[in-house]
Structures are given as structure tokens and as C-alpha cells.
Amino acid sequence: MEVHSAVALLLHWPLTLYWAIKPAVQGNLIPEISNELRIHYLGPEKELHQLAVFSELNAVFPDVQIHIDLVGPAIPEERNGERIELHDYAHCTETNCKCKCLTESFGPTSLQSGSSAITLKLHAGYYHDCYKDLMKGSPPNLIIAPNAGVAAYRSWLQTIELIKEIKVPTFFSDYCEEACNLATSCISSVTGASPTVPIQLNPFRQPLAVEDSALFLPCYSNCFIFGI
């Protein structure tokens, strides 16, 4: 993916998820992926308007059924429990585009016959409050919290305590390396351990700088990532 491409502004969400799964498998934190992958995705906000981009996971995990539970307080109550099935790659809606995709067949909520490669389900609330309901299904292989801001929000403490208890590999990303350093310090104070996967630059970070950051540092969405 070319960093100067407009596509990079959107695909950093699913490709950051892919980049988290890669070291998790290589480090034997999760088993080799066979035909199913279950992920808990914490704190979605802007992603809620761009859910169709997660269909790109079909390209990097062909023939894998992926179920993603998106959990966060930014999810509106009226969307709580909403299920979204992505059967194909996201197509454009331009009538003159060579893909000739009809608007009716495009969109994260359009359902087609047959099984879905990517299934998303929305859950309104904090992870530590929703976890018992989530566990009525199968447990996750991986948890990811993009642009988490762990050091900035005290609500993360209960979630980190839960993650420590359930022992599911978890990845966090943030806008800059300093934010990740502060996050690892906060997390270590709860878990008593250093990150399993050290802080590293995410090659799939969004290339557009965040202009209104409170930090006097270059900031990019999903810029750095680490795992516990």
C-alpha cells in the first residue's frame, strides 16, 4: 500500500489489526490461524463510519472466518448488538467507476446469501462491563485497542485488570511513541510485567498527521504499537 495513496487514510484500521496478529502468531502468543479468528476490538470511534474497510482482511486472511466484536462507549445505544456481515471487498459507489458497483450492493450493512468471511458485532459500553456477555460466545484469540490513550483515561485500569486476569494477548496502538511509553508504564503498574511485544513503529500507520494533538510531537493515527 502506497503511503501517499488516499486508500492509506482508511486501510490503516484493518491493516493495523493485521500487523498485530502477525507478531502474535510469530511469537506463539496465539496458535497458527487455521479457519477461524475471533477478535475483541476496543474503543472504536471513527471506525464506526468506515466499517466496510474491514473487508480488506479478506485479502490478508483468505479462507478465514473472522469475527470481530467492537466494544466501546462511543458506540451509540441504538447500535448496541448490531451485526454486520462483509461478504466482499468494499467497492466504490461512483457510477462512472470501472468496477460498476451498484450502490445497493455496497455498504457494511448489506447482507447477501451464504456465509460471511468477516462478521462484526457492536457492543456499547466499556470492555470490563461487557465482558461477561461477550463470553457467552467463544473466547477471543486476540484483543486490540487502537489509539487507546491508556495513560489519559482512568477507565482503562479496570479493563487492564480484566485483561491480566483472562490472559488473552492484547495489542495497543497510539499516536506517538511517547504515548506508548506512558501506556506501558501504566499497564506495567497493573500487570507487574513488561510488554511481550515491545513498542514498534507500525508500517501501516495512517500517513496523515493529526493536527489538533495536545502533544508537541508528530502524531499519526495508529503510529506505534505494542503487545502484552
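What counts and what doesn't
- Residues numbered from 1 in each chain as written.
- Predicted model: local features only at pLDDT ≥ 70, side-chain atom pairs only at ≥ 80, totals over all residues.
- Heavy atoms only, no water.
- Buried < 20%, exposed > 50% of the residue type's maximum accessible area, 1.4 Å probe, protein only.
- Helix = DSSP H or I, 4+ residues; strand = E, 2+ residues; numbered from the N terminus.
- Pairing = 2+ DSSP bridges.
- Core = buried A, V, L, I, M, F, W, Y, C linked by side-chain atoms within 4.5 Å.
- Contact = heavy atoms within 4.5 Å.
- Polar contact = N/O pair within 3.5 Å; in protein donor to acceptor, adjacent residues only side chain to side chain.

1. What about the pairing of strand E5 (residues 142-145)?
Here's step 1: The side-chain alternation of E5 yields two buried faces, one formed by Leu142 and Ile144 and the other by Ile143 and Ala145.
Here's step 2: In the sheet, strand E1 (residues 36-42) pairs with E5 via three bridges, with the strands oriented parallel. Its bridge partner being in E5, His40 is matched across the sheet by Ile143.
Here's step 3: As judged from the three bridges shared by E5 and strand E6 (residues 170-174), these two strands associate in the parallel manner. When the bridges of E6 are listed, Ile144 appears paired with Phe171.

2. Considering the nonpolar core
Here's step 1: If you look at the biggest cluster of nonpolar residues, it comprises 37 residues, and the most contacted ones within it are Ile21, Phe54, Ile66, Ile68 and Leu120.
Here's step 2: Among the elements that take part in this core, helix H1 (residues 8-26) stands out by supplying nine residues, more than any other.
Here's step 3: When sequence neighbours within four positions are dropped, the list of residues in contact with Ile66 reads Leu37, Ile39, Leu57, Phe61, Ala117, Ile118 and Thr119.
Here's step 4: Grouped together as the second largest cluster of nonpolar side chains are 23 residues, Tyr127, Tyr131, Ile163 and Ala183 included.

3. Some thoughts on the side chain of His67
Here's step 1: Secondary-structure assignment places His67 in strand E2 (residues 65-72).
Here's step 2: A distance of 3.3 Å separates a polar atom in the side chain of His67 from a polar atom in the side chain of Asp69.
Here's step 3: If sequence neighbours within four positions are ignored, His67 has contacts with Leu37, Arg38, Ile39, Arg83, Thr119 and Lys121.

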